[in-house]
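Chain by chain, the residues run as shown.
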Amino acid sequence: MNALKGAVTALLSCACLGATAQAAHPWIAMPPKLAPEAYFSNLKDGQEIEAPYVVRFGLTGIGIAAITKPVKRTGHHHLLVNNDLPMDFTKPLPFSDKYIHFGKGQMEQVFNMPPGDYTLRLVFADHRHIPNFVYSPPVKIKVTAQNKAVDPKTLVKTGAEILQPAAGSTVRPPFRIAFHGAGLNISHVDITDPGAGHFRLQLERGGKAETFDFTSGDTEVWLTPPSGPMTAKVEYVDNASGKVVHTSSTVGFNVGNR
């Protein structure tokens, strides 16, 4: 299994190099870790939460696509609840309350479980639900209360946003700009299902605008721009029409010296 994992990681890493061919832009950098990885963008190990709680998924080095058809260098998230990684990565992940599938390209899930201890993990898999060795470390959390008076649907505010960097922060290259789609389905542009779309990043520095179109379903980018103040906003573009459907708030931050 380790040999297979190494081969798959190398393949995905090479694919990542080619897929960011907007990576031809001089600001684009490779992630510090070449191997693609899934992660929780708003959970850390040992965290205590109250349910319902919106759990957000992040992804490095590979794109998202709905399960409509095969698209290279893409997959979709699966949330494992109190479950270890599958022993056999050549078989499809099962459908159960311990293997929650996000085959439309979702980036979040409302976690609404009774008080107790839980272990969560993300596993990325292709359109056949076969894992591709992209996964997160396990995160142990404690649900301290379940607020049954809260309607989980009210917690999802549909739209695009920038999660990193924080407004007013100073970052040093290479740094990550991470996007999130709340209530949205992210997909490679080859997927034109109703409601499928991709991210487009708009940066401005010194009065000059830069545009990065993430047609491969990527949800973050690593950059090495010159130092100085910068603003960023992310758009959610409908794959079928090419129209901008949602635009995030503008985030201003400062790029420090390397």
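Look up a bit, the structure's there.
Residues numbered from 1 in each chain as written. Predicted model: local features only at pLDDT ≥ 70, side-chain atom pairs only at ≥ 80, totals over all residues. Heavy atoms only, no water.

Peer 1: How should the side chain of Q47 be read in this particular structure?
Peer 2: When you line up the elements, Q47 lands in the loop between β2 (37-40) and β3 (48-51). Judged by relative accessible area, which is 18%, Q47 ranks as buried. A distance of 3.0 Å separates a polar atom in the side chain of Q47 from the backbone nitrogen of K44. Contact partners of Q47, with chain neighbours within four places excluded, come to N42, Y53, K140, I141 and K142. (Helix = DSSP H or I, 4+ residues; strand = E, 2+ residues; numbered from the N terminus. Buried < 20%, exposed > 50% of the residue type's maximum accessible area, 1.4 Å probe, protein only. Polar contact = N/O pair within 3.5 Å; in protein donor to acceptor, adjacent residues only side chain to side chain. Contact = heavy atoms within 4.5 Å.)

Peer 1: Help me understand the sheet that holds strand β18 (residues 220-223) in this model?
Peer 2: Strand-to-strand pairing in sheets goes through backbone hydrogen bonds, with the strands running parallel or antiparallel. Spatial ordering of the open sheet is given by β1-β18-β14-β12, a layout of four strands whose pairing is antiparallel. Edge positions in the open sheet fall to β1 (28-29) and β12 (159-164), since each of these has one partner strand only. Bridge count for β12 against strand β14 (residues 175-182) is five bridges, and the pairing is antiparallel. Bridge assignment links A160 to a residue of β14, and that residue is G181. (Pairing = 2+ DSSP bridges.)

Peer 1: Any chance you could explain the sheet that holds strand β4 (residues 53-60) here in plain terms?
Peer 2: With antiparallel pairing, three strands are arranged side by side in an open sheet as β2-β4-β8. With partners counted over all chains shown, the strands left at the sheet margins are β2 and β8 (108-111), one partner each. Adjacent strand axes in the sheet meet at a mean angle of 25° when their direction is disregarded. As defined by bridge partners, β4 adjoins β8 across four bridges and the pair is classed as antiparallel. Paired with R56 across the bridge in β8 is E108. (Axes fitted to C-alpha atoms, helices over the stretch in contact; angles between N-to-C directions.)

Peer 1: I keep staring at the pairing of strand β6 (residues 74-81) and nothing clicks. Help me out?
Peer 2: When a strand is regular, its side chains alternate between the sheet's two faces. For β6, a buried count of eight out of eight residues is recorded, marking the element as mostly surrounded by other parts of the structure. Judged from the two bridges that link them, strand β5 (residues 63-64) and β6 form a sheet pairing that is parallel. Across the sheet, G63 pairs through a bridge with T74, a residue of β6. Where β6 meets strand β9 (residues 116-125), six bridges bridge the pair, whose relative direction is antiparallel. The partner of H76 across the bridge, within β9, is A125. Across three bridges, the pairing between β6 and strand β7 (residues 99-101) is antiparallel. Bridge pairing links L79 to I100 in β7.

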